[in-house]
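Summary of structural features
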Amino acid sequence: MYKRSIAFQLGLYVVTAVVIIISMIVFINYKHSKEIIMEKIEEGAIHQSSLIINEITRNVINSQEVTRNVANQTLYYHSHGDLQMFLHQVVETNPVLTGIHARLFESSDTLTYSTYWNKDGQLVDKTNFEFCSVFKYPELAELATQEKVGVWSDPFHCPMDSTTLMISYFLPVLDEFGESVGIVAGDINLKFLNRVIDDIQIGVNGFAFVASAQGYYLTHPRSEWVMKRNLFETSSQVFNGDRNRYRQILEDGETGSGFAYPELLNFEKSWFYFAPIPFTNWRVVIVIPTEELFDDLDIIFRKIVLVSVLGFVLILLVVILLFNKMFTPLRKIVRSIQRFSFGERGRRGKKNEIELLSDSLKELQVQYSTYMAEQNQVRKDKRKYEKDLKSAKEIQRTIIPQDYSFLETRREIDLYAVLHPAESIGGDLYDFFFIDERHLLFTMGDVSGKGIPAALFMAVANTIIKSKSTELSARNIVDVVNKALSKENSNQHFLTLFLGILNVETGILDYCNAAHNYPFLLRRHRELIQLEHTHGLPIGLYSNKTYKSHSIALSKGDVLFLYTDGVTDCKNPYGEMYGTERLSKFMAQTKEPEPKTMVEALMNELMDFKGETAQADDISLMALQFFGKYS
């Protein structure tokens, strides 16, 4: 497939898309048409069932009203001796009645009058005769008499004529006081149901029938099934649906529809519709073979499918020819590039122009891709380095204290510090925090080297100093920090450190200088001295080395100034260092000993001194002024 030309592939894709879209349209149209046909069929079934129901209901209501009139007039005609004649006339003028019977309860006897059609088609009058409806359903006659209401019987065959299926309507005969003095029964011959059903045409092979409340067939195309078979007892071969659901619908007197496989239609799948008949609890059922429902639609659908297949083949041919013509220039270009890439040998066994072009470009781009991969890796490494550098800078910024808000409540001192790294991040450090309510610990340090390794070592050192500062001895803290840093220092970094602990109430400063630059102490009467005491080697190298310390008392107004060697080693464009002498001169000439002012002034002087010269080392400054406890 992939070795075919683009024209062929595109043609096939286009036709496939057309096939899918048109197939979906045809399927949706077929399904929609089927739904519309089902709606029309159901409307037709409702109409036909309505015709049947209306005709049956009309006969039932008429018979019911005739029986009611007879019951209302029985005593009148009986009192005039004309009751038998009256019953004869009623049956004769109402063909739907098989017979009508009256039974009167006298004080000493029971009188019966009957007029009915016998099986020979003769109208017979009889008196003192136990008519079959009362004989068949004495309990219904008793119910109608006692409850004084009309009662319909179930369908039955008269014992005297087993060929006639009928139903009876019982009504009490009431005297002028409303008491039951007799019973009237009107018999209806159910043969009229067959006539009503036969008058309705149900498709070609469809049929309709009526079933009783108990499910027995009252009419059916197979007359031998009448009152012999039951709708609720069909085999699973005929109906395999939810029997309980449909039975409940029937018993609730609702309409419904579904599919079954009637024996009468050789178990062919058929659609059925049923509806209740008022006053009787009967149901009319209409059955239509499914083949008749959708036969025309299936014929049309098959024709559409055939025409669509022929159309698809034609479209495929046209599209392939058209695309072949359109892609001829591309084919020539591909052959030229292929010869340029692979020489005259080219590529054999392939027709896909895009694949051929892709192979040629891959051949041309091998070395270029290698070069670009290397460049991308360099850029990627650079971005990663810059990202790491930025993260390290942010981390260092969080480690070095920037918050001086505590000075608002600690009036005993004033303090300010800055760190200006030579690169994005540096190895200098400073810190200050209260060990307890009276003692301030402050540090200034310089890690060997610059950049990320120095910054990481600085971060570790700063963390250890904070965690180990649990006592008031500067040398003990430095000892503990040195042991901790030396324990796992595979890179042999080291740290010069000045650590002081100042009693902010008395001014007593206990400090330890581990090979760091000598701090300056500017007394309040302008005397400048350096704390020229070294108490040991830089920390982080030898875990067995111990350190000493010194103490000095600060007076009110004294300023202690700490710095790193980035200050004295700062060079100007001529290569001259700023040096200790210039720093001493700056300290001596300081007119404003306020820490922030001093630090910012020195930083500005250093920036002016170096000019455009690159900063060689990190610069850190800290000024601490002591005021003592306020009374």
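Structure report, in brief.

With that out of the way, let us pick up the overall build of the protein chain. The secondary structure content of the protein chain amounts to 15 helices and 21 strands. Looking at the protein chain as a whole, 45% of its 631 residues are labelled buried. Excluding contacts between residues fewer than 6 apart, the proportion of contacts in the protein chain whose partners are at least 24 apart in sequence is 62%.

Moving on to empty space enclosed by the protein. The rolling of a water-molecule-sized probe over the atoms marks out the regions of remaining empty space. Tallying each qualifying case throughout the model produces 1 cavity of 30 Å³ or more. Looking at the largest cavity, its volume works out to about 60 Å³. In this structure, the largest cavity is lined by Gly 566, Asp 569, Cys 570, Lys 571, Lys 610, Thr 613, Ala 614, Gln 615, Ala 616, Asp 617 and Ile 619.

All chains considered together, the criterion is met by 11 salt bridges. Across the pair Arg 410 and Glu 437 runs a salt bridge, and its minimum N-O distance is 3.4 Å. In this pair, Arg 410 sits in the loop between helix H10 (366-399) and strand E12 (413-420) while Glu 437 sits in the loop between strand E13 (428-434) and strand E14 (439-447), placing the two residues 27 residues apart along the sequence. Relative accessible area serves as the criterion here: at 12%, Arg 410 is assigned to the buried category.

With that settled, consider the side chain of Asn 230. Looking at the secondary structure, you find Asn 230 in the loop between strand E8 (207-211) and helix H6 (243-251). Within the local environment of Asn 230, its side chain forms a polar contact with the backbone oxygen of Gln 214, the two atoms lying 2.8 Å apart. Beyond its immediate sequence surroundings of up to four residues, Asn 230 is in contact with Gln 214, Gly 215, Tyr 216 and Tyr 217.

Right, let's talk about the sheet that holds strand E20 (residues 559-563) for a bit. Strand pairing in a sheet relies on backbone hydrogen bonds. The paired strands run either parallel or antiparallel. Reading across from one edge, E12-E21-E20-E17-E18 is the order of the 5 strands in this open sheet, with antiparallel pairing throughout. The open sheet terminates on both sides in strands that have one partner only, identified here as E12 and strand E18 (528-530). The average angle at which neighbouring strand axes cross in this sheet is 15°, direction not considered. Pairing geometry for strand E17 (residues 520-522) and E18, over 3 bridges, is antiparallel. When the bridges of E18 are listed, Phe 520 appears paired with Gln 530. Sheet strands touched by helix H15 (residues 595-610): E12, E20 and strand E21 (619-626). Its angle to E21, the strand with the most contacts, is close to 155°.

The 4 strands lie next to each other as E8-E11-E10-E9, forming an open sheet whose pairing is antiparallel. For this open sheet the edge positions go to E8 and strand E9 (256-260), each flanked by a neighbour on one side alone. Along the sheet, successive strands turn relative to each other by an average axial angle of 25°, direction set aside. Bridge count between E8 and strand E11 (residues 282-289): 5 bridges; the pairing is antiparallel. Looking across to E11, one finds that Val 210 is bridged to Val 284. The strands touched by H6 are E9, strand E10 (270-277) and E11; relative to E10, the strand with the most contacts, the crossing angle is about 30°.

With that settled, consider the layout of surface pockets. Estimated volume of the largest pocket: approximately 600 Å³. Forming the boundary of the largest pocket are 28 residues, of which Tyr 217, Leu 231, Thr 234, Val 238 and Phe 239 lie nearest the centre. Counting residues per element, the lining of the largest pocket draws most heavily on H6, at 5 residues. Tallied by class, residues from the lining of the largest pocket come to 17 nonpolar, 6 polar and 5 charged.

Extensive coverage of E10 is indicated by the burial of 7 of its 8 residues. As paired elements, E9 and E10 share 5 bridges and run antiparallel to each other. Of the residues in E10, the one forming a bridge with Ser 257 is Tyr 273. Note: E10 against E11, 8 bridges, orientation antiparallel. Considered in E11, the bridge of Phe 274 is made with Val 285. Between E10 and the antiparallel strand that follows it, E11, lie 4 residues; Phe 279 among them carries a positive phi value of about 75°.

Here we come to the packing of helix H14 (residues 579-588) against H15. For any two helices packed against each other, the geometry comes down to the angle between their axes and how far apart the axes lie. Across the interface, H14 lies against H15 with an axial gap of 11 Å and an inter-helix angle of 140°. Taken together, the axes of H14 and H15 lie oblique to each other. With respect to the hand of their crossing, H14 and H15 are arranged in right-handed fashion. Here Arg 582, Leu 583, Phe 586 and Met 587 of H14 lie close against H15, whose contacting residues are Met 598, Ala 601, Leu 602, Glu 605 and Phe 609. Broken down by class, the residue content of the contact of H14 with H15 amounts to 7 nonpolar, no polar and 2 charged.

Take the environment of His 516 next. One can find His 516 in the loop between strand E16 (508-514) and E17. Given a relative accessible area of 5%, His 516 falls into the buried group. The spatial distance from the C-alpha of His 516 to the C-alpha of Phe 498 is 5.9 Å, given a sequence separation of 18 residues. Beyond its immediate stretch of four places on either side in the chain, His 516 contacts Met 444, Gly 445, Asp 446, Thr 496, Leu 497, Phe 498, Tyr 563 and Thr 564. Within the structure, His 516 has its side chain in polar contact with the side chain of Thr 496 (distance 3.0 Å).

Thresholds, definitions, all that
Residues numbered from 1 in each chain as written. Predicted model: local features only at pLDDT ≥ 70, side-chain atom pairs only at ≥ 80, totals over all residues. Heavy atoms only, no water. Helix = DSSP H or I, 4+ residues; strand = E, 2+ residues; numbered from the N terminus. Buried < 20%, exposed > 50% of the residue type's maximum accessible area, 1.4 Å probe, protein only. Contact = heavy atoms within 4.5 Å. 1 Å grid on protein atoms, 1.4 Å probe; cavity = no way out; pocket = protein on both sides within 12 Å on 5 of 7 lines; lining within 4 Å. Points joined across faces, edges and corners; volume = space filled by probe spheres on them. Salt bridge = Lys/Arg side-chain N within 4 Å of Asp/Glu carboxyl O. Polar contact = N/O pair within 3.5 Å; in protein donor to acceptor, adjacent residues only side chain to side chain. Pairing = 2+ DSSP bridges. Axes fitted to C-alpha atoms, helices over the stretch in contact; angles between N-to-C directions. Nonpolar A, V, L, I, M, F, W, Y, C, P; charged D, E, K, R; others polar. Parallel < 35°, antiparallel > 145°, perpendicular 65-115°, else oblique. Left-handed = near helix turned anticlockwise from the far one by under 90°.

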